[in-house]
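# Topology and contacts: notes
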Amino acid sequence: MDQYALLFASMLNAGTVLAIAALGLLINEKSGIVNLGAEGMMLCSAIAGFAAVVHTGSDTIGFLAGMGAGALLAAAFGVLVIWMNTNQYATGLALSLFGAGFSAFAGIKYVQEKLPERPHFSVPLLGDIPVLGPALFRQHPMVYLAIALVGWLVWFLYRSRAGLVLRSVGESPESAHALGYPVRRIRLLAVIAGGALCGLSGAYISIVYTPLWVEGMVAGKGWIALALTTFATWRPARVLLGAYLFGGVTMLQFHLQGRGVDIPSEVLNMLPYVATIVVLALISRNPAWIRVNMPASLGKPFYPGT
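Figured I'd write up the structure that's included with this text.

So, how was this worked out
Residues numbered from 1 in each chain as written. Predicted model: local features only at pLDDT ≥ 70, side-chain atom pairs only at ≥ 80, totals over all residues. Heavy atoms only, no water. Axes fitted to C-alpha atoms, helices over the stretch in contact; angles between N-to-C directions. Helix = DSSP H or I, 4+ residues; strand = E, 2+ residues; numbered from the N terminus. Parallel < 35°, antiparallel > 145°, perpendicular 65-115°, else oblique. Contact = heavy atoms within 4.5 Å. Nonpolar A, V, L, I, M, F, W, Y, C, P; charged D, E, K, R; others polar. Patch = residues over 30% accessible without salt bridge, like charges linked within 9 Å, V, L, I, M, F, W, Y side chains within 5 Å. Areas by Shrake-Rupley, 256 points an atom, 1.4 Å probe, with all protein chains shown as cover. Salt bridge = Lys/Arg side-chain N within 4 Å of Asp/Glu carboxyl O. Buried < 20%, exposed > 50% of the residue type's maximum accessible area, 1.4 Å probe, protein only. 1 Å grid on protein atoms, 1.4 Å probe; cavity = no way out; pocket = protein on both sides within 12 Å on 5 of 7 lines; lining within 4 Å. Points joined across faces, edges and corners; volume = space filled by probe spheres on them.

With that settled, consider the packing of helix α6 (residues 141-159) against helix α7 (residues 161-171). Where α6 contacts α7, the axes come no closer than 5 Å and their chain directions differ by 70°. Between α6 and α7, the crossing angle belongs to the class labelled roughly perpendicular. Along the contact surface, α6 presents Phe156, Leu157, Tyr158 and Arg159, while α7 presents Arg161, Ala162, Gly163, Leu164, Leu166 and Arg167. Here the residues of the contact of α6 with α7 are counted per class, giving six nonpolar, one polar and three charged.

Here it is in structure tokens:
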């Protein structure tokens, strides 16, 4: 039972990485913007957060540095696609490639660096409960923050006026513009907010999830987070569920290796990506269902003068 409790705890830990990034991308896409640069933003944020903790010893400063790096890159992306009307998909891919190269260059001298001793967290009293304690109540605070973020985002998108405006911009920017809303500025703010969350996820990887810096350490998690938004049909609660599902698949490979299952490690390493492809293939069998839930202007440029 203790082994399964630890497996469940590691699933929550791995799922948090995907959930925070996917929620950021969800905010982007609710405004009508597709950002394929999540992988690059997460890599740059991972090295920014790691370097900040190395020099200051503060995890909080590291998370803020990661969010700042993600927001800065997202702002540059937003200016290009929203004001200069560059192709969203090509610009996002360019951002992803830039982030991979720049993070590798900037992180050369941090490869051998070590972070200060990592603190251990436990909810008082609840953390001592057999099985449930190790599984649920000894997590990093960021795990609980991700869950709270889902609740807040549900309220924001479907219960607040600002969320209604954001969704209207994603559904029909022309109508929102006709009503006097600054569509471009709203989209830019959404892109920056999404980039900050992707940055927080990247910093979480290098500070908590795998407390070190290695080139390419995000290892495709940005792409999985991007796929999660489609898997969840642009619903925050489903994003969290999907993130834990993929996090469980990721951790399952280590559990199976630890149990001595006679399966090549290369096959086990493929599991999260194979699961992503299978899920997307199953969802794509019903394109009408995707179109009903997808923001109508997703990926489409907006020209306020027309």
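For the rest of this paragraph, the subject is the side chain of Gln139. Structurally, Gln139 can be placed in the loop between α5 (132-136) and α6. Those residues within four positions of Gln139 in sequence are excluded, and the remaining contacts are Ala9, Leu12, Asn13, Phe121, Pro134 and Tyr144.

The grouping of Val79, Leu80, Trp83 and Met84 at the surface amounts to a nonpolar patch, some 370 Å² of accessible area in total. With respect to the helices and strands, Leu80 occurs in helix α3 (residues 59-83). We classify Leu80 as partly exposed; its relative accessible area is 34%.

Turning our eyes to something else, we now look at the layout of surface pockets. Space inside the largest pocket adds up to approximately 310 Å³. Lining the largest pocket are 15 residues, with Pro119, His120, Phe121, His140 and Val208 positioned closest to its centre. Counting residues per element, the lining of the largest pocket draws most heavily on helix α9 (residues 183-209), at four residues. Its residues assigned to classes, the lining of the largest pocket comprises eight nonpolar, four polar and three charged.

Right, let's talk about empty space enclosed by the protein for a bit. Summed over all chains, the structure comprises one cavity of 30 Å³ or more. Considering the residues around the largest cavity, the lining is formed by Ile33, Val81, Ile82, Asn85, Gln88, Arg184, Arg187, Pro301 and Phe302. Looking at the lining of the largest cavity, the elements with two or more residues in it are α3 and α9. The residue makeup of the lining of the largest cavity, split by class, is five nonpolar, two polar and two charged.

The values reported here are purely geometric and, on their own, carry no functional implication.
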